[in-house]
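# Coordinate analysis (summary)
Here is how the chains run, residue by residue.
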Amino acid sequence: MFAMFRKGRELQPVEPVVSAMSAAAEPDLRAAVQSIGKQASSVGRDAAEVRGLLDDASKVSARQAQAVLALAGQLGEVTRAQQAIGDVTAGSLEAVGRARDAVEAVGTEVSGIVDTLREVAAAASEITQIALQTRLVAFNASVEAKRAGEAGRGFGVVADAVKDLASKVEGSSKAIMSTVGVLDTRIEALSREIQVKPGEVRQGGFHKALADVEAGVASITAAATQSREICGGVNVQMGAMQSEIQQTTAALDSAMRRSEAFLKVSEHLIELVAECGIETEDTPFIQAAMEAAAQIGKLLEDSLRTKTISPAALFDENYRPLPGTNPAQHATQFIELADRLFPQVQERVLSLSPKVVFCIAVDRNGYVATHNKKYCHPQRGELAWDTANSRYRRIFNDRTGLASARNQRPFLLQTYRRDMGGGQFVLLKEAAAPITVQGRHWGGMRLAFNF
């Protein structure tokens, strides 16, 4: 029976079946890996888009928070100004009250003056009557003196003098009466203007003016109070808005971190697919980036060997701002060497595929000495145009830029949104490979391409 079992087993074509299964499984595995790569690429694209939108929303939220904070400060200043207005108007009302009291006191004194003037007028009238009677007596005495003849001459002289004096006294008394009459009229008019008459609707002009001032000040006080109350309500709402914006910012930050982690997972999947040895749609770009990095590294090593540049100059990190540039551009000691050597490698890679957007060598801080020729136009003072077309001599130290610049693995594959200026963005993939010079990490070769 055992022999029969062995014989039966020997009849089984085991190896050919396994080989056939392997041969059939290999294409399936390749297709599966390629499918995973495509799916990971699609996920990475969506993750990069979401991350970009979250970044935009986070920036908007930050600007709103700053605007709300500035508005809250301005409302605080308005509230303080309104409080100051309230204090001033309260003081004004008190001053008007004091003025009314003072004027009323003056009115009382004026009434006394009117009474005194009337007494003066009465006295002057009596003096006039006495002067008139004196003049009549003097006139009669003068007549009697003339009748007496020589004996009454001296008495006549005295009588005439008394008559003249009485006449002058009468004239002065009448003048006093006339002046006192004018003063009485004027002071009485003044008294009517400044006196308060209880129970009467119409008051003097001065008190009416004071009443108008009081009404105006009271209106200002009421308006300031109402405005202060409104500002208080707005301040409460602004506080609630600030709290909500802070919560929104925190939520956006959390979502940004999660999207960042999600994006990294998708990028890691793409890298794993690329590292497994199965060619994907990203493989040509990864290989091109690695080859270009090696070529740039060799050119820089040759420059050191021939002493065209010193190590200190090649690894210069003293980025000197170029005046009048926006976006900011900088100069280093190796820009002339980069202008001479880099284009021969960078421009050749651009012809790899229509998908290639740019190919640039950057130092370890993301500094681009020489960009592709189509992005190396001098700035012309238009921010949107300069952002998109004048990209050389600039430092790109964003998440993607620094990751590519400082990567020291054989390659790095990333997905991100590229700012083209003027609110325009494009979704790109980027393959990066490290550039080493005599065993020292100099920077990275960045090759960006469209999906």
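The rules behind the values
Residues numbered from 1 in each chain as written. Predicted model: local features only at pLDDT ≥ 70, side-chain atom pairs only at ≥ 80, totals over all residues. Heavy atoms only, no water. Buried < 20%, exposed > 50% of the residue type's maximum accessible area, 1.4 Å probe, protein only. Helix = DSSP H or I, 4+ residues; strand = E, 2+ residues; numbered from the N terminus. Pairing = 2+ DSSP bridges. Salt bridge = Lys/Arg side-chain N within 4 Å of Asp/Glu carboxyl O. Axes fitted to C-alpha atoms, helices over the stretch in contact; angles between N-to-C directions. Parallel < 35°, antiparallel > 145°, perpendicular 65-115°, else oblique. Left-handed = near helix turned anticlockwise from the far one by under 90°. Contact = heavy atoms within 4.5 Å. Nonpolar A, V, L, I, M, F, W, Y, C, P; charged D, E, K, R; others polar. Core = buried A, V, L, I, M, F, W, Y, C linked by side-chain atoms within 4.5 Å. Arc of directions from axis to C-beta. Polar contact = N/O pair within 3.5 Å; in protein donor to acceptor, adjacent residues only side chain to side chain. Phe/Tyr/Trp six-rings, centres within 6.5 Å; stacked < 30°, edge-to-face > 60°. Lys NZ or Arg CZ within 6 Å of the ring centre and 35° of its normal. Patch = residues over 30% accessible without salt bridge, like charges linked within 9 Å, V, L, I, M, F, W, Y side chains within 5 Å. Areas by Shrake-Rupley, 256 points an atom, 1.4 Å probe, with all protein chains shown as cover.

## Description of the pairing of strand 3 (residues 356-363)
Across the eight residues that make up strand 3, a large majority, eight, are buried. Bridging between strand 3 and strand 8 (residues 440-449) involves seven bridges; their strand directions are antiparallel. The partner of isoleucine 360 across the bridge, within strand 8, is arginine 446.

## Quick word on the pattern of salt bridges
Following the criterion strictly, the structure yields nine salt bridges and no others. Between arginine 393 and aspartate 339 there is a salt bridge, and its shortest N-O distance comes to 2.7 Å. Taken as a pair, arginine 393 in the loop between helix 8 (383-389) and strand 5 (394-395) and aspartate 339 in helix 7 (residues 335-350) lie far apart in primary sequence, 54 residues in all. For aspartate 339, a relative accessible area of 35% puts it in the partly exposed group.

## A short note on the packing of helix 5 (residues 283-305) against helix 7
Put simply, helix 5 and helix 7 touch, their axes get as near as 10 Å, and they point 155 degrees apart. As far as their axial angle goes, helix 7 and helix 5 are roughly antiparallel. Crossing handedness for the pair helix 5 and helix 7: right-handed. Mapping the contact onto sequence places Ala288, Ala292, Gln295, Ile296, Leu299, Leu300 and Ser303 in helix 5 and Leu337, Leu341, Phe342, Gln344, Val345, Arg348 and Val349 in helix 7. Looking at the contact of helix 5 with helix 7, its residues break down into 10 nonpolar, three polar and one charged.

## Thoughts on the nonpolar core
Of all hydrophobic cores here, the largest spans 39 residues; its most connected members are Leu300, Leu314, Trp442 and Leu447. Secondary-structure elements contributing two or more residues to this core are helix 5, helix 6 (311-314), helix 7, strand 3, strand 7 (424-437) and strand 8. Broken down by element, the residue count for this core peaks at nine residues, all from helix 5. Sequence-distant contacts of leucine 300, that is, excluding residues within four places in its chain, are made with Leu314, Leu337, Phe342, Ile435, Val437 and Trp442. One finds Phe358, Ile360, Val368 and Ala405 within the second-largest nonpolar core, a separate group that totals 11 residues.

## Some remarks on helix 9 (residues 399-406)
Of all the residues in helix 9, the buried ones are Thr400, Gly401, Ser404 and Ala405. The buried residues of helix 9 all sit within an arc of 125 degrees when viewed along its axis, so they share a single face. Sitting at the amino-terminal end of helix 9 is aspartate 398, which places a side-chain oxygen 3.3 Å from the backbone nitrogen of threonine 400.

## Considering the pairing of strand 8
Put simply, side chains in a regular strand alternate between the two faces of the sheet. For strand 8, the buried fraction is high: nine of the 10 residues fall into the buried class. Relative to strand 8, strand 7 is paired through nine bridges, and the arrangement is antiparallel. Of the residues in strand 8, the one forming a bridge with glutamate 430 is alanine 448. Taking the residues between adjacent antiparallel strands as the criterion, strand 7 and strand 8 are bridged by two residues, where glutamine 438 takes a positive phi near 50 degrees.

## Notes on the packing of aromatic side chains
Using the criterion set out here, one finds five aromatic pairs in the structure. Ring centres of phenylalanine 285 and phenylalanine 449 lie 4.0 Å apart, and the angle between their planes is 10 degrees; this geometry places the pair in the stacked category. Note that phenylalanine 285 is positioned in helix 5 and phenylalanine 449 in strand 8, a separation of 164 residues in sequence. For the pair phenylalanine 285 and phenylalanine 449, one class covers both residues: buried. Taken together through their ring pairs, the aromatic side chains of Tyr319, Phe334, Phe342, Tyr367 and Trp442 make up a single cluster. Above the plane of the ring of tryptophan 385 lies arginine 380, whose end atom (NZ or CZ) is 3.8 Å from the centre. The cationic tip of arginine 440 hangs over the ring face of phenylalanine 315; the distance from NZ or CZ to the ring centre is 3.8 Å.

## Observations regarding a nonpolar patch on the surface
Where nonpolar side chains cluster on the molecular surface, the patch consists of Ile127, Leu165 and Val169 and spans about 240 Å² of accessible area. Residue position: leucine 165 is located in helix 3 (residues 153-194). Here leucine 165 falls in the exposed class, since its relative accessible area comes to 55%.

Function cannot be read off these values alone, since they describe shape.
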